[in-house]
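# Results of the structural survey
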Amino acid sequence: MTDIFQSMGFDVFLGPDIETEYYNFDALNIPKDHPARDMWDTFWLKPESQISNLKSQKYLLRTHTSPMQVRYMEHHQPPFSIVVPGRVYRYEATDATHEIQFNQLEGLMIGRDITLAHLKGVMAGFLKKLFGDKKVELRFRPGYFPFVEPGVEVDALLNGRWIEIAGAGMVHPRVLKNVNLNPDEWQGFAFGVGIDRVAMIKYKIDDIRLFYGSDLRFLNQF
Ligand code: YSA
């Protein structure tokens, strides 16, 4: 997936699995007590496992790769386009499409005239390259994430069933302000693709739990 995005002009960066509350939530316009925090059931780390000189921060296992949007923008001036693959963690019940540990690929493109149409073009281009000639049907639904406006959810068709593969949208002006970028000058889109879900579609796997189930009959196929 990173090869495909690199061929489309994106740079690749990595971020830490252990995050602070600030980068995972606050900087993304999800302050304490905001109901949207419930969208990300969180593994919080015990205070004694925290780095001693940073005790004032609360630490957690990142619930998504979006904190890297903020970390990257704090140190780089637009225009830029990046992707960030990485493992993420959620304290939630597992089922055929939900794991407590899975992988996301974050995308971020900021420039002067970036629109939602660019997001659609990038998503379609990425899926076309990933699935070769096979036509993958995509649909955008309105979605809510506090760090985008507007927000969308991206579904792809798997064995006659729509499966949600990404959350995305136009980066919220407040997130840009948090990293000292002027929203009147800069705008762009961001997305977070569920890598495991994309692999399920590509390899026709109908239960995500097989990935971490350690069943050699499954693993030896790859
Ligand atoms: C939204 C807007 C942006 O500008 C940038 C990123 C995002 C995505 C946001 N950070 C997020 O995490 N959204 S999400 O909770 O809907 O997850 C994104 C994708 O991860 C989902 O579309 C799905 O494909 C996958 N996912 C979510 N929970 C999962 C999971 N995959 C496996 N197991 C789970 N428990």
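Scroll up to find the structure this text is about.
Residues numbered from 1 in each chain as written. Predicted model: local features only at pLDDT ≥ 70, side-chain atom pairs only at ≥ 80, totals over all residues. Heavy atoms only, no water.

## Brief notes about the site of the ligand
Neighbouring the ligand are 26 residues, the closest being H64, S66, R90, E92 and E164. E164 is positioned with one of its side-chain polar atoms (N or O) 2.7 Å from an oxygen atom of the ligand. Computed on the free molecule, the ligand has an accessible area of 690 Å², of which 96% lies beneath the protein chains in the complex. Elements supplying a minimum of two residues to the shell around the ligand: β5 (101–111), β8 (161–171) and β9 (187–194). With 5 residues, β8 is the single largest residue contributor to the shell around the ligand. Of the residues contributing to the shell around the ligand, the split by class is 11 nonpolar, 9 polar and 6 charged. (Near = heavy atom within 4 Å. Polar contact = N/O pair within 3.5 Å; in protein donor to acceptor, adjacent residues only side chain to side chain. Areas by Shrake-Rupley, 256 points an atom, 1.4 Å probe, with all protein chains shown as cover. Helix = DSSP H or I, 4+ residues; strand = E, 2+ residues; numbered from the N terminus. Nonpolar A, V, L, I, M, F, W, Y, C, P; charged D, E, K, R; others polar.)

## Some words on the environment of Y144
Among the secondary structure elements, Y144 is positioned in the loop between β6 (138–142) and β7 (148–158). In this structure the C-alpha to C-alpha distance between Y144 and F102, which are 42 residues apart in sequence, comes to 21 Å. Look past the residues within four positions of Y144 in its chain and what remains in contact with it is H34, A36 and M39. (Contact = heavy atoms within 4.5 Å.)

## Structural notes on unusual backbone geometry
Cis geometry marks the peptide bond from P78 to P79, where omega comes out at 5°. Tracing the backbone through its elements, the reader meets P79 in the loop between α3 (67–75) and β4 (80–89). Geometrically, the link from E149 to P150 is a cis peptide bond, its omega value of 0° lying close to zero. Following the sequence through the fold, P150 ends up in strand β7. One non-glycine residue, N180, lies in the positive phi region at around 60°.

Purely spatial values, then, with no claim about function.
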